[in-house]
Amino acid sequence: MLNKKTVEDVEVAGKKVLVRCDFNVPLDENGNITDETRIVGALPTIQYLVNNGAKVILCSHMGKPKGEPVPSMSLAPVAKSLSEKLGKEVVFAADDNVVGENAKAAVQAMKDGDVVLLENTRYRKEETKNVDEFSQELASLAEVFVDDAFGTAHRAHCSNVGVSKYIPAVGGYLIQKEIEFLGNAVNAPVRPLVAVLGGSKVSSKISVIENLLKKVDKLIIGGGMAYTFFAAQGKTTGTSLLEADYIDYAKKMLDEAGDKIILPVDAVIAEKFENDAPSQVVEGNIPEGWMGLDIGPKSVELFKSVLSDAKTVVWNGPMGVFEMPNFAKGTNEIAAKLAELDAVTVIGGGDSVAAVNQAGLGDKMTHISTGGGASLEFLEGKELPGIACLEDK
Ligand code: ADP
Ligand code: MG
């Protein structure tokens, strides 16, 4: 894991170890967990610590309770699910103060190999403001801190960054995997490296475009952001997503990047933003009153041919409005192409991951990032506070 210490670099036997997990799982109206991916993802680190005789104190946020106890966002259901998966009781330290009397008593009673889960860290208003008092309270429970929450690594909160001021902080297996795959794909790739960017807006991905252009051999641009580039090429874009303020920027990018940037050559256009709206394929100008909702078949072929040579692919952002079946084809075809490539394929971004999973191809990718916002900031080349605060090797 680059130059950061991991759980394997510190003594954990007999020690109280605080682990920041990402248990921000979706619940249905009855409080049942509807997707356990994040719980499963946290198991390797927890299991390692249990096997090595640590007293394992888990913490996480869930949802946005905005600094007060909200029973529907309690982590109690997570303790139940974890107990089943680990095959041993995970004691839930119900406590409106997170680190209150109840939590302290539960930690006090721990034996080596025991696991305690604290209440939702965002029950405390200090958490998202990284206020020292709460960081100190959390740190006072343990002797070592392990961060395994990649999903919050782009935020500096008490439970992932603040605690590292008070006790030694290292990375868990999940965070290690994320840094390895995302980091190597962007900074030490097997070439050719091709990035596929899509999604709705140029403005939200400018830093990603700029950072990736420096690193990639080819940059494929699809999705809603492509129409601002269409406009930069002098094409009309109808009622497609268009960021007029960014047309000059797109022109500059195209001038500077030369043939590094690959744009769609056709579009699936519709009269309305609806799945069943009348649609057609056009090359060149998009007529007035029509909007581009997916890349067209010629673009799919062009993108596939560029991808054929790739040895590393980083994908962020769907090629079209994949939530509507009639405009999901471009995204699905690119996902299928990635699935059959003999290359390292890394998917980052909440909607891109959802699209790949919707296509049933999640397990065909080398790495699917668990952090939407965090993976995006990683692709922007930013230093993530949740990683920067870990001890150097
Ligand atoms: P990610 O979460 O993977 O970073 P984004 O949030 O940037 O991706 O973009 C995803 C959204 O972009 C999806 O909701 C998708 O419907 C939308 N999108 C893609 N193509 C278009 C388009 N041509 N017109 C409007 N929206 C689009
Ligand atoms: Mg998104």
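Here the structure is a predicted model, which is why all the values come from computation and not from measurement.

Details of the sheet that holds strand 9 (residues 261–262)
Here's step 1: The strand order across the open sheet built from 6 strands is 9-8-7-13-14-15, with neighbouring strands paired in parallel fashion. The sheet terminates laterally at strand 9 and strand 15 (367–368), the two strands that pair on one side only.
Here's step 2: Inspection of the sheet shows strand 13 (residues 312–316) paired to strand 14 (residues 344–347) by 4 bridges, in the parallel sense. Across the sheet, the residue bridging to Thr312 is Val344, located in strand 14.

Side note on the sheet that holds strand 11 (residues 279–283)
Here's step 1: The strand order across the open sheet built from 3 strands is 11-10-12, with neighbouring strands paired in antiparallel fashion. Each end of this open sheet is capped by a strand with a single partner; those strands are strand 11 and strand 12 (291–295). Within the sheet, the average angular offset between the axes of one strand and its neighbour, ignoring direction, is 40 degrees.
Here's step 2: Inspection of the sheet shows strand 10 (residues 266–270) paired to strand 11 by 5 bridges, in the antiparallel sense.

Notes on the nonpolar core
Here's step 1: Phe150, Ile209, Leu219, Ile221, Phe229 and Ile261 are the most contacted members of the largest nonpolar core, which totals 40 residues.
Here's step 2: Every element with two or more residues in this core is listed here: helix 5 (173–187), strand 7 (193–197), helix 6 (206–215), strand 8 (218–221), helix 7 (226–232), helix 8 (247–257) and helix 12 (372–379).
Here's step 3: If you tally residues by element for this core, the top one is helix 8, at 6 residues.
Here's step 4: Listed in part, the 30 residues of the second largest apolar core include Val12, Ala54, Leu86 and Val90.

Digging into the packing of helix 5 against helix 12
Here's step 1: Here helix 5 crosses helix 12 at 30 degrees, and the two axes come no closer than 10 Å. Classed by the angle they form, the pair helix 5 and helix 12 counts as roughly parallel. Of the two possible hands of crossing, helix 5 and helix 12 adopt the one that is right-handed. Where helix 5 abuts helix 12, its residues Ile179, Leu182, Gly183 and Val186 lie against Ser375, Phe378 and Leu379.

Concerning the site of ligand 1
Here's step 1: Taken together, 20 residues lie near ligand 1, and Lys205, Gly292, Glu323, Asp351 and Ser352 sit nearest.
Here's step 2: One of the side-chain nitrogen or oxygen atoms of Asn316 is found 3.2 Å away from an oxygen atom of ligand 1.
Here's step 3: Between ligand 1 and Glu323, the relevant distance is 2.5 Å, taken from an oxygen atom to a side-chain nitrogen or oxygen of the residue.
Here's step 4: Protein contacts shield 85% of the accessible area of ligand 1, which totals 580 Å² for the unbound molecule.
Here's step 5: Only strand 12 and helix 11 (350–358) provide two or more residues apiece to the shell around ligand 1.
Here's step 6: In terms of residues, the shell around ligand 1 owes the most to one element, helix 11, which gives 3 residues.
Here's step 7: Considering only residue class, the shell around ligand 1 consists of 6 nonpolar, 11 polar and 3 charged.

Quick word on unusual backbone geometry
Here's step 1: Cis geometry marks the peptide bond from Arg191 to Pro192, where omega comes out at 5 degrees.
Here's step 2: Topologically, Pro192 is positioned in the loop between helix 5 and strand 7.
Here's step 3: Even without glycine at this site, Lys66 takes up a positive phi of about 60 degrees.
Here's step 4: Within the secondary structure layout, Lys66 lies in the loop between strand 2 (55–59) and helix 2 (76–86).
Here's step 5: Its identity as a non-glycine residue notwithstanding, Asn130 has a phi of 55 degrees, on the positive side.
Here's step 6: By the secondary structure assignment, Asn130 is in the loop between strand 4 (115–118) and helix 4 (132–140).

Looking at the state of the cysteines
Here's step 1: For the structure on display, the rule yields 0 disulfides.
Here's step 2: With no disulfide of its own, Cys59 lies closest to Cys21 among cysteine sulfurs, the gap being 7.2 Å.
Here's step 3: On the accessibility criterion, Cys59 (0% relative accessible area) is buried.
Here's step 4: Cysteine Cys158 remains unbridged, with the sulfur of Cys59 as its closest cysteine sulfur at 10 Å.

Overview of the pairing of strand 1 (residues 16–20)
Here's step 1: Buried residues dominate strand 1, accounting for 4 of its 5 residues.
Here's step 2: As paired elements, strand 1 and strand 2 share 5 bridges and run parallel to each other. Bridging from a neighbouring strand, Arg20 pairs with Cys59 of strand 2.
Here's step 3: Where the polypeptide runs from strand 1 across helix 1 (residues 37–51) and back to strand 2, its parallel neighbour, the crossover connection is right-handed.
Here's step 4: Alignment of strand 1 against strand 5 (residues 144–147), held across 4 bridges, turns out to be parallel. Among the inter-strand pairings, Arg20 is bridged to a residue of strand 5, identified as Asp147.

The rules we used
- Residues numbered from 1 in each chain as written.
- Chains lettered and ligands numbered in written order.
- Predicted model: local features only at pLDDT ≥ 70, side-chain atom pairs only at ≥ 80, totals over all residues.
- Heavy atoms only, no water.
- Pairing = 2+ DSSP bridges.
- Helix = DSSP H or I, 4+ residues; strand = E, 2+ residues; numbered from the N terminus.
- Axes fitted to C-alpha atoms, helices over the stretch in contact; angles between N-to-C directions.
- Core = buried A, V, L, I, M, F, W, Y, C linked by side-chain atoms within 4.5 Å.
- Buried < 20%, exposed > 50% of the residue type's maximum accessible area, 1.4 Å probe, protein only.
- Parallel < 35°, antiparallel > 145°, perpendicular 65-115°, else oblique.
- Left-handed = near helix turned anticlockwise from the far one by under 90°.
- Contact = heavy atoms within 4.5 Å.
- Near = heavy atom within 4 Å.
- Polar contact = N/O pair within 3.5 Å; in protein donor to acceptor, adjacent residues only side chain to side chain.
- Areas by Shrake-Rupley, 256 points an atom, 1.4 Å probe, with all protein chains shown as cover.
- Nonpolar A, V, L, I, M, F, W, Y, C, P; charged D, E, K, R; others polar.
- Disulfide = S-S within 2.5 Å.
- Right-handed = clockwise from strand over helix to strand, strands pointing away.

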